[in-house]
Structures are given as C-alpha cells and as structure tokens.
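# Structural features, examined
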Amino acid sequence: MQKRFIIFLIFSFSLFSCALAQDDYLRQNEIDILHYSFKITLEDSQDLILGETTLKIKFKDKVKAFYLDLVKKNNTGKGMAVQSVMYDNQNLAFQHHQDRLFIPIPFEKEIDTSKTYSFTVRYVGIPTDGLVISKNKFGERTFFGDNWPNRAHCWLPVIDHPYEKATCEFIVNAPDHYRIIGNGALQKQEDLSGNRRLTHWSCAEVLPTKVMVIGAARFSVEVVDSLRNIPIESWVYPQNEKAAFYDFALAPKILRFFEEKIAPYPYEKLANVQSTTRYGGMENASNIFYDENALNGKRTCEDLIAHEIVHQWFGNSASEADWHHLWLSEGFATYLTHVYFEETYGRESMQKRMEEDLSRVSYFAKTNKDARIINPTIKDLNNLLNALNYQKGSWLLHMLRFQLGDDLFWKGIKAYYQKYQFSNALSEDFQKVMEETSGQKLDWFFKQWLYESALPSLKITWKYLPEKKKTQIECSQTQAGDFIFQYPLEIEIQTPNAKAPKIEKIQITQKTEVFEINSSTPPFAIKADSNHWLLLEVEVKKGN
Ligand SMILES: [Zn+2]
C-alpha cells in the first residue's frame, strides 16, 4: 500500500522488546476457514447492501462455538444486522456482540476434524467503512472495497486478520450500468431482469482479508497484454481513459521484471484499477486499486504501480502472520521498487531513492524516541504505516544484500518466497531462510536492524603514515545510546595518480577502532560508503 501523504507519527517510548511480538488479535487456533463465498447486492437508490456469505471451515479441535468479525448495526443506523446463520438448513442461535458474530456449533461432540463444514450468514446494512460507496471525481456513483488493515469486517463476515487466509469468490448483483471487478478469474456475467446483472469472480489462491475486494463503477477496460495466458488489464474511468490507459500500460514490463526476480506471478489475472480509495494505491490481490488522481497521462505513477505489483508476491501471497511484522510486506514492496528503478534506469536512480528514504528514517528517528521496526507497543494499526515498516525495512534488505552479496541475497529472497507463498511468515522465518541459504549466522544483523531503536552514525578521522605507507582510519560510533552497531563499511581511498579509487572493506564492530590500509602514495581524500550500502550518517575528516 502507498499513502497519499507522508504523516510523521509520535510513538511512546518503551524498553520492551520481544522476538515473538504478537498483536492483540484474539486468534482462533481451533478453526481454519478454507473458503468464503460472498454474495453481495448493490443498489443505486440506497447505500444498503444485502449480503450472504457461505464459509467453508475445518475444525482442528472440538469447540462449542466460533466467531467471525462483523461490524454490528449501531445507533447511527450504519453497520450490519444479521438476519440468519444457517448450518445444514438449520437456523442457529447466533449472538452478535461488539462487532463479533458468535456462531454455536450444534454438532460439537461429533466434530470430525477431517470434514469440511459449511455455514451461511445472511445480513443487511449500510457499511460503516470498508466498502466505500461514493462518487468518483467525475460525479459518478462507485463502490470500492478498501479493507486495509482490518476494515473488511465492516461489510463482510470474516476473520479479519492476515493470519487466517482463505480462497474467496464474489457474486455481485448490481444495476447493469456498473462493471464489477473482483479477485481472481471471471466465472460468469449474466443479465438479470430489471436492468440488473450478476457478476461472479473467484480466486483459487488463499488471500488475507485485507486484499479481498470488489469495485463497481462505469469502467472502460483494456486488455494491455498477457503473461503466460494471464491477462494484464486496465480498468479506468471512461472520462480519462486515454491518460489512464497510457499510465497503466507500464504494467506488463513491471510484472515481467518481478516475475523474473521473484517467482511466477501468483494470480489468475492482473487488473490495475482506477478507484476512489483512501490510499494512493492498494494492492488488492489481482485487482490493484489506485487513487483516481494518480493517473495523469504522464507516467508519474511508475513507482506506485511497481510497489503495488510487488505486493502480489510479498503481502498478498507471502503475508505477515502478525501486524508487527508488516515490514515483510511494506519493506519488501519499497525495496523491490528501488531495485526495479536500479535495473531499469541505473544505479544512480536507485541511490537517489535510497537517500530520500534515509532522510525519512533519520527524520523519524530524530522526532520519535522509538525507531524499532518491530514495536509491539503500537496498538493503532494505522500507526504502522510509518518510515520504519516502509523505508527502514527497505534499507534492511539493501544492507542484507550488501552483507551477503547479490547471488546469495537473491537466492534467499526466492527461497523465502518459495517457502511462504500462499502462507504466512514472521521476521524470524525470513531470517531462518536467509541463514540457511547463505550459511551465515544473521542473528546479530536482524536483532540490530529490527529491534534496535537507534540508527548508526560514524565519525571517521584519517591520516597518512608515510613511514608505513599506510592510511590510518579511526572510526568512532557517535549515535546516542550504548548500543554498538556492526556493519561492513567500504572505504574509498583517492590517490592522485590512481586509475580508479581503491575501495577497501572494513568491518565495524567496536565503539572506537583504528584500521590501517596499505597506500603507496598519500591519498587526497577518503570517502566512506560511496556506493550507498548503509543506513548510516557518516562524517569524514582529515586528521593532523
Ligand atoms: Zn505497500
């Protein structure tokens, strides 16, 4: 996901740090939802929706009841009123309490853990959020699912947390002047009486609820290209179709780039959709929604498109198991977008982007006491959309690439995706894969970049030692606090007659340490990290 605006947030300071940070969501480990079938009826004359959700579920243990998240109708008149919950033609005595729908299991004692059970929930109401019913910038009525982080349950009865992934289908009954987009492959479009149409989309891969959506609007649709028979489509408002089609036509080259870099694209189609969303872009699985104003016919949204396309692998297919590990989505999408720019427009283009990110992380660290990526004290999930999960997470990957080298890094990224595709992971799962792939212990690396609040800064003082024909480099870690960082650092020694500057790699491990580097002639300058591999503020001075 990409925000429209950068918001700097203030967090409270805490010394608490925990490798197995878990968010507050009360998980139901006894059940596994396999599939949601969402039937939704949309109207022109009112914002009321009719919903019928059939879920396929397996029980891992004997339980008396389970619950789904669903926002209950409140005193503003919005929210969902549940009409019935059925199992096997039997009406169940459900309870809808504090936005949770508790469903009793009438066959508790006979639960068969190998069997799949099916329940159907019928409900009606005006969504409080999650399905945004509004007018687009051309004044036309539109419906767009906008679920991040946990707003799916404003309009769908679901377990609204990324740990519980399921396949889904949407069967939408709407006035026939809307075109409906949904996850996965189009199964059916059928005209009904009364100028209405039924549209059925189905996704065969498990998804987190944050990316299960539909969109309904008057769209112009273009099939731009295809990749291994997977259609790449653009869905845009007819009024600006020329500009929007032109911008979205970037998608095939971006998609091919990431398919090469990571793995085969995981879904049945890729539709880039102009929409009315609160975010700049939202990576909904196989139908990405973009802010309607992001498309201007000048292709200024190339990085946005790249970011959302990366999420199809990282975030949608390999999803974080816990909200505090969101960097596994956002850090990956941010970094791989930079890599796309590196390989498409050159290393300098990437470095510029990485430097901007460094400033953002540095500003965040200066204005917030807590700059750990994994920070379980954050309770409001919207506060996770910060420079740590995006830019610091991206920098972590860049530094890991420097630590391991390109070959091992990309081998590891592919192996991590291979292992966790259509599944969930925590940071420690990623660490384990990178350790196995590289044969290196990386505990120190992940600990300092995920769980330490400080950011490293370094003061370097150098002088030439003519009697030894060496350059002496004194390095002092100057960041606030007691933590000592470890990192490899490239030192570039610039001498008058050399064809190219000499680059030596040193390993920083102490608060203060001195290195001596062979140099037959006195250098006129020393540069540190000239290839921009480190999230580091560095000052270099010539000593006496
Ligand atoms: Zn994102």
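A brief structural summary.

## Overview of the overall build of the chain
- Broken down by element type, the chain carries nine helices and 29 strands.
- By the compact-globule yardstick of 24 Å for 544 residues, the chain fits well, its C-alpha radius of gyration being 26 Å.
- Judged by the C-alpha coordinates and their principal axes, the chain covers about 95 × 55 × 40 Å.
- Every one of the 544 residues in the chain was classed for burial, and the buried ones make up 58%.
- Considering only residue pairs separated by 6 or more positions, the chain has 72% of its internal contacts joining residues 24 or more positions apart.
- Carbon and sulfur atoms provide 49% of the accessible area of the chain, an area that totals close to 22,200 Å².
- Charge separation in the chain, taken as the distance between the mean sites of 64 positive and 69 negative side-chain charges, equals 2 Å.

## Overview of the sheet that holds strand β1 (residues 31-41)
- One open sheet holds the eight strands; their spatial order is β5-β4-β8-β2-β1-β11-β14-β13, and the pairing between them is mixed. Both edges of this open sheet fall to β5 (90-91) and β13 (185-192), since each of them pairs with a single strand only.
- Two elements, strand β2 (residues 49-59) and strand β8 (residues 116-126), share 10 bridges in a ladder whose sense is antiparallel. Of the residues in β8, the one forming a bridge with K56 is S118.

## Here's the deal with the coordination of the zinc ion
- Distances from the zinc ion to its protein donors, M1 (N), M1 (O), H307 (NE2), H311 (NE2) and E330 (OE), fall within 1.8 to 2.3 Å.
- Along the chain, the residues donating to the zinc ion are arranged with the sequence spacing M-x305-H-x3-H-x18-E. In this pair, H311 sits in helix α3 (residues 302-313) while E330 sits in helix α4 (residues 327-345), placing the two residues 19 residues apart along the sequence. Neither residue differs from the other here; H311 and E330 are each classed as buried.

## Topic: the layout of surface pockets
- In this model, the second largest pocket occupies a volume close to 410 Å³.
- Taken together, 21 residues make up the lining of the second largest pocket; nearest its centre are A365, A454, L455, Q479 and A480.
- A per-element tally of the lining of the second largest pocket places helix α5 (residues 347-367) first, with four residues.
- For the lining of the second largest pocket, the class distribution of residues is 10 nonpolar, six polar and five charged.

## Points about the environment of V71
- Along the chain, the position of V71 falls in the loop between β3 (65-69) and β4 (79-87).
- Overall, the relative accessible area of 9% leaves V71 in the buried class.
- Taking the C-alpha atoms as reference points, V71 and G125, separated by 54 residues in sequence, lie 9.8 Å from one another.

## Here we look at α4
- In this model α4 runs 25 Å from its N-terminal to its C-terminal C-alpha over 19 residues, within 8% of the 27 Å that 1.5 Å per residue would give.
- Counting buried residues in α4 gives 16 out of 19 residues, a clear majority hidden from the surface.
- Two residues or fewer past α4, G346 is found with a positive phi of approximately 105°.

## Side note on the environment of F332
- Tracing the backbone through its elements, the reader meets F332 in helix α4.
- Once residues within four sequence positions are removed from consideration, F332 is found in contact with V310, F314, W327, L397, I413, Y416 and F430.

## Some remarks on the packing of aromatic side chains
- This structure, assessed with the given rule, holds 49 aromatic pairs.
- Here the aromatic rings of Y87 and Y117 are separated by 6.3 Å at their centres, their planes lie at 45°, and the arrangement is tilted. Here Y117 lies in strand β8 and Y87 lies in strand β4, a separation of 30 residues in the sequence.
- Relative accessible area serves as the criterion here: at 12%, Y87 is assigned to the buried category.

## Overview of the pairing of β13
- Summarising the sheet, β13 and strand β14 (residues 196-207) pair through seven bridges and their orientation is antiparallel. Within β14, the position partnered with E190 by the bridge is L198.
- The hairpin turn running from β13 into β14, its antiparallel successor, is three residues long, and G194 in that turn takes a positive phi close to 70°.

Reading the values: the criteria
- Residues numbered from 1 in each chain as written.
- Predicted model: local features only at pLDDT ≥ 70, side-chain atom pairs only at ≥ 80, totals over all residues.
- Heavy atoms only, no water.
- Helix = DSSP H or I, 4+ residues; strand = E, 2+ residues; numbered from the N terminus.
- Rg over C-alpha atoms; globule rule 2.2 N^0.38 Å.
- Buried < 20%, exposed > 50% of the residue type's maximum accessible area, 1.4 Å probe, protein only.
- Contact = heavy atoms within 4.5 Å.
- Areas by Shrake-Rupley, 256 points an atom, 1.4 Å probe, with all protein chains shown as cover.
- Lys, Arg positive; Asp, Glu negative; His and termini not counted.
- Charge placed at Lys NZ, Arg CZ, Asp CG, Glu CD.
- Pairing = 2+ DSSP bridges.
- Donors = N, O, S within 2.8 Å, 3.2 Å for Na, K, Ca; no water.
- 1 Å grid on protein atoms, 1.4 Å probe; cavity = no way out; pocket = protein on both sides within 12 Å on 5 of 7 lines; lining within 4 Å.
- Points joined across faces, edges and corners; volume = space filled by probe spheres on them.
- Nonpolar A, V, L, I, M, F, W, Y, C, P; charged D, E, K, R; others polar.
- Expected span 1.5 Å × (residues − 1).
- Phe/Tyr/Trp six-rings, centres within 6.5 Å; stacked < 30°, edge-to-face > 60°.

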